[in-house]
Amino acid sequence: MTRTPEQAAFRLIELLNARPELAVVFMDIALELLRAEGLHPDWSTDAAHALGFLTEEVGELAEAVNEFHAGGGDPARRVQMSDEATQVGTMAVRFLLNLPRFQTPRRCAA
């Protein structure tokens, strides 16, 4: 599955031609990624700590889903779910982009 950025770009164009609605989702995630990197340029080199950022966003999405259901499908809650899901996607992308920088965990002596 490893490909060059150029190969990935061509495949992405094919994918977006087949599923144009993905363009909005990917653009929202990319814009949120740029915003998040601007606000918090340093990313943890500890994979477990980085996972914590991602799971925090998943928790916020779960809360938004619960509020959507409790509120009888309130349209404002749908927007909140979208925003939180975008942040989950953003943190997942950020995790993947920083994967090469994660340090090997040290083993603790028993």
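A few points on the structure. (Residues numbered from 1 in each chain as written. Predicted model: local features only at pLDDT ≥ 70, side-chain atom pairs only at ≥ 80, totals over all residues. Heavy atoms only, no water.)

This brings us to the overall build of the protein chain. Scanning the protein chain from N- to C-terminus turns up four helices and zero strands. Mapped in sequence order, the helices and strands of the protein chain form the string α-α-α-α. By the compact-globule yardstick of 13 Å for 110 residues, the protein chain is too spread out, its C-alpha radius of gyration being 17 Å. For the C-alpha atoms alone, the extent of the protein chain along its principal axes is close to 50 × 40 × 25 Å. Here the protein chain holds 110 residues, and 21% of them are scored as buried. (Helix = DSSP H or I, 4+ residues; strand = E, 2+ residues; numbered from the N terminus. Rg over C-alpha atoms; globule rule 2.2 N^0.38 Å. Buried < 20%, exposed > 50% of the residue type's maximum accessible area, 1.4 Å probe, protein only.)

The end-to-end C-alpha distance of helix α3 (residues 47-70) is 34 Å, a good match for the 34 Å that 24 residues give at a rise of 1.5 Å each. Looking at α3, one finds that the buried residues are A50, L54, E57, A64 and F68. The distance from a side-chain oxygen at the start of α3 to the backbone nitrogen of A48 is 2.9 Å, and the residue carrying that oxygen is D46. Trailing α3 by a residue or two, G72 shows a phi angle of about 70°, which is positive. (Expected span 1.5 Å × (residues − 1). Polar contact = N/O pair within 3.5 Å; in protein donor to acceptor, adjacent residues only side chain to side chain.)

To continue, consider the nonpolar core. Grouped together as the largest cluster of nonpolar side chains are eight residues: A36, W43, A50, L54, V88, M91, F95 and F102. Among the secondary structure elements, those contributing two or more residues to this core are α3 and α4 (75-98). For this core, the leading source of residues is α4, giving three residues. The contact partners of F102, leaving out residues within four places of it in the chain, are W43, S44, T45, D46, A47, A50 and F95. (Core = buried A, V, L, I, M, F, W, Y, C linked by side-chain atoms within 4.5 Å. Contact = heavy atoms within 4.5 Å.)

As a further point, take the environment of H69. Take H69: it is sitting in helix α3. Here H69 falls in the exposed class, since its relative accessible area comes to 59%. Sequence-wise, H69 and L39 are 30 residues apart; in three dimensions their C-alpha atoms are separated by 32 Å.

Moving on to the packing of aromatic side chains. Going through the model one piece at a time under the given rule, you end up with two aromatic pairs. Both rings, one in W43 and one in F53, keep their centres 5.0 Å apart while their planes meet at 50°; by these two values the pair is tilted. A residue pair is termed long-range when its members are at least 10 positions apart, and W43 in the loop between α2 (21-39) and α3 and F53 in helix α3 qualify at ten residues. Its relative accessible area of 13% is what places W43 among the buried residues. Looking at F53, the relative accessible area reads 28%, which means it is partly exposed. (Phe/Tyr/Trp six-rings, centres within 6.5 Å; stacked < 30°, edge-to-face > 60°.)

Our next topic: the packing of helix α1 (residues 5-18) against α2. Following both chains from N to C, one finds α1 and α2 inclined at 125°, their axes separated by 6 Å at the closest point. On the basis of the axis angle, α1 is oblique to α2. Along the contact surface, α1 presents L12, L15 and L16, while α2 presents L22, A23 and F26. Taken together, the residues of the contact of α1 with α2 break down into six nonpolar, no polar and no charged. (Axes fitted to C-alpha atoms, helices over the stretch in contact; angles between N-to-C directions. Parallel < 35°, antiparallel > 145°, perpendicular 65-115°, else oblique. Nonpolar A, V, L, I, M, F, W, Y, C, P; charged D, E, K, R; others polar.)

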